[in-house]
Amino acid sequence: MSDLVVRAGKLDAADELAALRDRFVLDPVSDHAADTAGVYLDGNSLGVLPAVVPDRVADVVRRQWGELRIRSWEESGWWTAPERIGDRIAPLVGAAPGQIVVGDSTSVNVFKAVVAAVRMAREAGGDGRDEILVDATTFPTDGYIARSAARMTGCTLRPVDPAQVPGALSGRTAAVLLNHVDYRTGRLYDLPSLTAAVHAAGAYAVWDLCHSAGALPVGLDGHGVALAVGCTYKYLNGGPGSPAFLYVRRDLQDRFDSPLPGWNSHAEPFGMRPEYEPSAGATRGRVGTPDILSLLALEAALEVWDGVRIEAVRAKSLALTDFFLECVAAYVPAGRVESVTPYAHAERGSQVALRCPDAGDVMERLIARGVVGDFRHPDVLRFGFTPLYVGFADTERAARVLAETLAE
Ligand SMILES: *Cc1c(COP(=O)(O)O)cnc(C)c1O
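Residues numbered from 1 in each chain as written. Predicted model: local features only at pLDDT ≥ 70, side-chain atom pairs only at ≥ 80, totals over all residues. Heavy atoms only, no water.

A. Fine view of the sheet that holds strand E7 (residues 227-230). If you walk across this open sheet you meet the seven strands as E2-E8-E7-E6-E5-E3-E4, and the pairing is mixed. Each edge of the open sheet is held by one strand with a lone partner, namely strand E2 (100-102) and strand E4 (156-160). Adjacent strand axes in the sheet meet at a mean angle of 20°, parallel and antiparallel pairs treated alike. As judged from the five bridges shared by strand E5 (residues 173-179) and strand E6 (residues 204-208), these two strands associate in the parallel manner. Bridge pairing in E6 places Leu177 opposite Val206. Strand contacts of helix H7 (residues 140-153): strand E3 (131-135), E4, E5 and E6, with the helix running at about 180° to E3, the strand carrying the most contacts. (Pairing = 2+ DSSP bridges. Helix = DSSP H or I, 4+ residues; strand = E, 2+ residues; numbered from the N terminus. Axes fitted to C-alpha atoms, helices over the stretch in contact; angles between N-to-C directions. Contact = heavy atoms within 4.5 Å.)

B. Structural view of the pairing of E7. Neither face of E7 is open: one carries Leu227 and Val229, the other Ala228 and Gly230, and all of them are buried. Sheet topology places E6 next to E7; three bridges connect them, and they run parallel. Residue Trp207 lies in a different strand from E7, and its bridge partner there is Ala228. Alignment of E7 against strand E8 (residues 245-248), held across four bridges, turns out to be antiparallel. Bridge pairing in E8 places Gly230 opposite Phe245. (Buried < 20%, exposed > 50% of the residue type's maximum accessible area, 1.4 Å probe, protein only.)

C. Expanded view of the pattern of salt bridges. If you walk through the whole model with that rule in mind, you get 29 salt bridges. We note a salt bridge from Asp379 to Arg355, for which the minimum N-O separation is 3.2 Å. Of this pair, Asp379 sits in the loop between strand E12 (374-376) and strand E13 (380-384) while Arg355 sits in strand E10 (residues 351-355), and the two are 24 residues apart along the sequence. Asp361 is paired through a salt bridge with Arg365; the nearest N and O atoms lie 3.1 Å apart. Taken together, the residues Asp361 and Arg365, both in helix H12 (residues 359-368) and four residues apart, mark about one turn of the helix. Overall, Asp361 belongs to the partly exposed group, its relative accessible area being 40%. Through salt bridges with shared partners, one network takes in Glu268, Arg273 and Glu277. (Salt bridge = Lys/Arg side-chain N within 4 Å of Asp/Glu carboxyl O.)

D. Structural detail: helix H5 (residues 81-89). Those residues of H5 lying buried are Ala81, Pro82, Glu83, Ile85, Gly86 and Ile89. Tucked into the core, H5 has its buried residues touching E2, E8 and helix H10 (292-301).

E. Geometry of the packing of aromatic side chains. Counting across every chain of the model gives ten aromatic pairs. An aromatic cluster of three or more residues is present, and its members are Trp73, Trp78, Trp79, Trp263 and Phe270. Sitting above the plane of the Phe139 ring, Lys234 keeps its charged end 5.3 Å from the centroid. Across from the ring centre of Trp79, 4.7 Å away, lies the NZ or CZ of Arg286, which sits over that ring. (Phe/Tyr/Trp six-rings, centres within 6.5 Å; stacked < 30°, edge-to-face > 60°. Lys NZ or Arg CZ within 6 Å of the ring centre and 35° of its normal.)

F. Region of the structure containing the site of the ligand. Within the structure, the ligand sits among Ser105, Thr106, Ser107, Phe139, Thr141, Asp142, Asn179, Asp208, Cys210, His211, Tyr233 and Lys234. Take Lys234: an N or O atom from its side chain is 2.6 Å from an oxygen atom of the ligand. Here the ligand has 390 Å² of accessible area as a free molecule, and 87% of this is covered by the chains. Looking at the shell around the ligand, the elements that each hand over two or more residues are helix H6 (106-123) and H7. Within the shell around the ligand, the residues separate by chemical class into three nonpolar, six polar and three charged. (Near = heavy atom within 4 Å. Polar contact = N/O pair within 3.5 Å; in protein donor to acceptor, adjacent residues only side chain to side chain. Areas by Shrake-Rupley, 256 points an atom, 1.4 Å probe, with all protein chains shown as cover. Nonpolar A, V, L, I, M, F, W, Y, C, P; charged D, E, K, R; others polar.)

G. Summary view of the state of the cysteines. As enumerated under the stated definition, the model contains zero disulfides in all. Not engaged in a disulfide, the cysteine Cys231 finds its nearest cysteine sulfur in Cys210; these two sulfurs lie 3.7 Å apart. Free of any disulfide, Cys327 has its nearest cysteine sulfur in Cys356, 18 Å distant. (Disulfide = S-S within 2.5 Å.)

H. Layout of unusual backbone geometry. Along the chain, His377 connects to Pro378 via a cis peptide bond; the corresponding omega equals 0°. With respect to the element layout, Pro378 can be found in the loop between E12 and E13. The phi angle at Arg69 is positive, at roughly 50°, despite the residue not being glycine. For Arg69, a relative accessible area of 56% corresponds to the exposed category. Positive phi, close to 55°, is recorded for Asn237, a residue that is not glycine. Inspection of the secondary structure assignment puts Asn237 in the loop between E7 and E8.

In structure tokens form, the structure reads like this:
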């Protein structure tokens, strides 16, 4: 047995989060013993199914919908689910209750937040603010949505490298849309200092937390973040297409002027009045009728976080990605792949991205051998590490299979 296999065993034995794996539906333990188990390193794209979800969804469908029918809006708590589930996500991103609402996709929430940010920046005497900055390397949907938000608000859109944002700010800046962790490279950006710089310029930052929520401490309240969005089907394991979340800092909620003021965000939705009057609080971020089946699947999925500290998750995440990089360096011939993920912990999210010219083909062969990561155009192999259910033996095995695949 190699040193790395022995080390992996010791690290797994000492891992305080190891037992959490039982809260998920994964390949049988016997497969692990036989070294034939699959290794799922794509939780940054679609999290694994938590074991409590299937029965809960069956109950929601059969009893809440099938038997209680319309009474469930009250009796099963359907109507208040967006805020209730937002409060459940809140501690994972460092937010006090009453500031997060769950619903719609991340794309839609980016739109709400960016337009609201521009409106807030102008309201504070900033009529001349006519520029939106966007992370030049962003996940494309954020850029597409920001461009449309800019057109609608009469702003120009300027793509900038996130590290260059402080130098690009001016009296014209209204809003800045940033990713906390880059989806391709896994680079973690400095949220506290970038937020402070944007606010000091009189603009508002909108943070996209898709690759940090559930992976590392975000500290929204602590860092004075104004607006943030994130998805729930990656590190929060909410299921395919589970609804996203929107954070609006408490003291800004009265000024949050949604570009999608649907009836669910009305102060009195069942008043059915022709005039719109926004509700107070986080509910102002709601739009239309919530997607109850997906929402309640997400609510069940969030139970896996009971008793789990996000700081412990972060510590294990860094240990896993360190160990993966070490195993890759030991097993893969030098120069065959190149890590585009920073080595510095302060700049690393919860994934490792390796570049190699034949990445698409390599990933196909890896997946055929049970090691599931993903390929990002044009040359990136992406491996996501979800500390709740990925262990060190998995990590060693993934690196070993990668090396074998690259050698074929
Ligand atoms: C995954 C992801 C999204 C997904 O947006 P949807 O509207 O949920 O499809 C958006 N932004 C980033 C940065 C992402 O990583």
